[in-house]
Amino acid sequence: MLEAFRLAYTNLQEIWSLVLPPNSLLGLKRLSITEFSTFRMPDSLWARIVYDFLIAYRLRTINRGHLLGALIPLYLAWVASHINITDSGTNAERHIEALATAFEADKPYLVSRWRWPDRFNP
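Residues numbered from 1 in each chain as written. Predicted model: local features only at pLDDT ≥ 70, side-chain atom pairs only at ≥ 80, totals over all residues. Heavy atoms only, no water.

Looking at the packing of aromatic side chains
- Counted by the stated rule, this structure contains seven aromatic pairs.
- Measuring from centroid to centroid gives 6.3 Å for Y9 and W16, while their planes differ by 50 degrees, and the two rings are tilted.
- You can call W16 buried: its relative accessible area is 0%.
- Aromatic side chains Y75 and W78 sit 6.3 Å apart centroid to centroid with 25 degrees between the ring planes, which places their arrangement in the stacked category. With Y75 and W78 both in helix α5 (residues 64-87) and three residues apart, the pair spans about one turn of that helix.
- Pairwise contacts between aromatic rings join F5, Y9, W16 and F39 into one cluster. (Phe/Tyr/Trp six-rings, centres within 6.5 Å; stacked < 30°, edge-to-face > 60°. Buried < 20%, exposed > 50% of the residue type's maximum accessible area, 1.4 Å probe, protein only. Helix = DSSP H or I, 4+ residues; strand = E, 2+ residues; numbered from the N terminus.)

Considering the pattern of salt bridges
- Across all of its chains, the model carries three salt bridges by this definition.
- The salt bridge involving E3 is made with R6; its shortest N-O contact spans 3.5 Å. Here R6 and E3 lie together in helix α1 (residues 2-11), a separation of three residues that amounts to about one turn.
- Between D52 and R113 there is a salt bridge whose closest N-O contact spans 3.2 Å. You can see D52 sitting in helix α4 (residues 43-59) and its partner R113 sitting in helix α7 (residues 107-115), a full 61 residues away along the chain.
- Residue R113 is classed as partly exposed on the basis of its relative accessible area, which comes to 33%. (Salt bridge = Lys/Arg side-chain N within 4 Å of Asp/Glu carboxyl O.)

Here's the deal with the packing of α1 against α5
- Here α1 crosses α5 at 140 degrees, and the two axes come no closer than 8 Å. Between α1 and α5, the angle is such that the two are oblique. Considering only the axes of α1 and α5, their crossing is left-handed. Contact residues: α1 offers L2, A4, F5 and A8, while α5 offers P73, L74, L76, A77 and A80.
- Considering only residue class, the contact of α1 with α5 consists of nine nonpolar, no polar and no charged. (Axes fitted to C-alpha atoms, helices over the stretch in contact; angles between N-to-C directions. Parallel < 35°, antiparallel > 145°, perpendicular 65-115°, else oblique. Left-handed = near helix turned anticlockwise from the far one by under 90°. Contact = heavy atoms within 4.5 Å. Nonpolar A, V, L, I, M, F, W, Y, C, P; charged D, E, K, R; others polar.)

These values are about where atoms sit, not about what they do.
Here you go:
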């Protein structure tokens, strides 16, 4: 899973830069050089990635098939991170609850970006 993410990091920079803000891209750069044993994707980064891909899907930033294909290696990276977190002794349910909290905390970002084009319509 991590090798697929690292390969995608090398090959999908152009697509990811159309969807993700610089801060998320920097977080992915840091993750791409992290050793497997210490690999942890921050919940806040994963939430922001999912939200940015949702927005790009809605706005049709790029072809939706390409967009979903570009998300798969990021999902695999999250899965690898989740496996590492649960293998280190953290209860899987607690991690998912923490992830849900991160999504809830970042929800205003999604709402503001989702409604942004509507501000120009009377």
